[in-house]
Amino acid sequence: MLRYWTAGESHGPALVALVDGFPAGLAVDKAGIDAELVRRQGGYGRGGRQRIETDAVTFLSGLWHGVTLGSPLALEVVNKDAKLERLEEVERPRPGHADLPGAIKHLGGVRAVLERASARETAARVAAGALARQLLAVFGIEVAGWVTELGPVRLGDRGGTLAELRTIRDSSAIYSLHPQRDPEVTDLIDRVGKEGDTLGGVVEVRVDGLPIGLGTHAQWDRKLDGRIAQAVMAVQAIKGVEIGLGFEAARRRGSQVHDAIHYEAGERGSATLGFARPTNNAGGLEAGMTNGQPLVVRAAMKPISTLRKPLESVNLRTKEPEEAAYERSDVCAVSAASVIVENVVAFEVAAALVDKFGGDSVEEMQARWRLYHDMARAR
Ligand code: EPS
């Protein structure tokens, strides 16, 4: 079973991801992981913290000569702004943040909660996901994500190979597939920032090259749609997750939702075994299993809850009305969310791949991948 946990506070010494069940024999490209960490720090509208940090991964365990050993991997991302011991208690909880429920729940203060709840923690999740996507790449499975909506601006997606779309996205200041519309969006972010407010948005992730049959219909907690929804919903500030048509499917008739099944004998050798679907409204998942089509996941991010022009709150010590606390924040972190969602989805897909093809070594997984496709083709 491939799984991970993270540890670390926003202003503690470091963030750590512990990845367990990762197969032996993968030559890790550290630069590839660092590139994802750098992208997570970027996007128009980020706050002052990102000018302090230069996130990069250090492997504390699980590698020998740069190759995975099959033992647990401890990944560390150091915090340069490691000032936790000097920071003071926060008395005015921010609406929308973990501050109030977390402090009450622990019979303690706000600082202890916000340090862990901060989206800084996602650096560790991105490191784990960026490692997992290197395992996916061995099997020709590719992942990419982008911003499709920012505040009220609908940007949408577009067709093309993931390599093409990545190039377009990387030329956009907000990681969208319509860079020509960047000025409209960056002006909006500037305007809203000047007003002391924040902006959310929608991100989309696509996974190409998936085989048929990752995940399962057989038990609720192993259904891949459910696992992906949990991983994505558990990203800070995410309030909604859709797969394929998502909520739009509820508004249509069945004949306008389900993807017809065709068969092209000449394509038997492909990963989809010749089964073709003229549409992909299911977003690549049927009954918790991949169906050979691209996986398409969207997530809605609420605006960041730390406001420079704060909302009404209550001083937890005096119980008197006061404005919520403000130290510093991002005006908009939707671009970063696209990187985070991309990498947490990659991890869940890699976990499903290990479930199907075994987790001891990459070489055995490759042999079992070939055997499975040969057997499926022979039916
Ligand atoms: C973040 C680091 C944090 C915040 C932000 C995301 O750094 P600091 O609290 O030192 O400014 O900028 O976290 C939040 C939005 C939040 O509400 O906690 C990061 O690295 O992504």
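Residues numbered from 1 in each chain as written. Predicted model: local features only at pLDDT ≥ 70, side-chain atom pairs only at ≥ 80, totals over all residues. Heavy atoms only, no water.

**Q** Help me out: how do you make sense of the pattern of salt bridges in this one?
**A** Two side chains with opposite charge may pair up if their charged atoms get near one another. Counted by the stated rule, this structure contains 34 salt bridges. In this structure, Arg298 engages Glu204 in a salt bridge whose closest nitrogen and oxygen atoms are separated by 3.0 Å. Remark: Glu204 occurs in strand 9 (residues 201-208) and Arg298 occurs in strand 16 (residues 295-301); sequence separation between them is 94 residues. Here Arg298 and Glu204 have matching classes, each one buried. Three or more residues are tied together by salt bridges with common partners; here these are Arg40, Arg49, Glu53, Asp55, Asp81, Lys83, Arg120 and Arg328. (Salt bridge = Lys/Arg side-chain N within 4 Å of Asp/Glu carboxyl O. Helix = DSSP H or I, 4+ residues; strand = E, 2+ residues; numbered from the N terminus. Buried < 20%, exposed > 50% of the residue type's maximum accessible area, 1.4 Å probe, protein only.)

**Q** Explanation requested: the nonpolar core in the structure shown.
**A** One recurring pattern in soluble globular proteins is that nonpolar side chains are buried together. Of all hydrophobic cores here, the largest spans 79 residues; its most connected members are Val19, Val232 and Val345. Here this core takes 17 residues from helix 9 (residues 334-357), the largest share from any one element. Once residues lying within four places of it in the same chain are set aside, the contact partners of Val345 are Val205, Val207, Ile228, Val232, Leu295 and Val297. (Core = buried A, V, L, I, M, F, W, Y, C linked by side-chain atoms within 4.5 Å. Contact = heavy atoms within 4.5 Å.)

**Q** For this particular structure, what's the right way to read the environment of Arg40?
**A** With respect to the element layout, Arg40 can be found in helix 1 (residues 30-41). The exposure class of Arg40 is buried, given its relative accessible area of 2%. As for Arg40 and Gly66, which are separated by 26 residues in sequence, their C-alpha atoms are 24 Å apart. A distance of 2.8 Å separates the side chain of Arg40 from the side chain of Thr122, its partner in a polar contact. (Polar contact = N/O pair within 3.5 Å; in protein donor to acceptor, adjacent residues only side chain to side chain.)

**Q** Quick question: what am I supposed to make of the packing of aromatic side chains here?
**A** Centre-to-centre distance and the angle between the planes together describe a pair of aromatic rings. Scanning all chains against the criterion turns up five aromatic pairs. Taking the centre distance of 4.3 Å and the plane angle of 50° together, the rings of Tyr4 and Phe347 count as tilted. Of this pair, Tyr4 sits in strand 1 (residues 3-7) while Phe347 sits in helix 9, and the two are 343 residues apart along the sequence. Residue classification places Phe347 among the buried positions, given a relative accessible area of 1%. Plain terms: the ring middles of Phe357 and Trp369 are 5.4 Å apart, the flat faces sit at 50° to each other, and that makes the pair tilted. Here Phe357, found in helix 9, pairs with Trp369, found in helix 10 (residues 362-377); they are 12 residues apart in sequence, far enough to count as distant. Judged on exposure class, the residue Phe357 and its partner Trp369 are both buried. (Phe/Tyr/Trp six-rings, centres within 6.5 Å; stacked < 30°, edge-to-face > 60°.)

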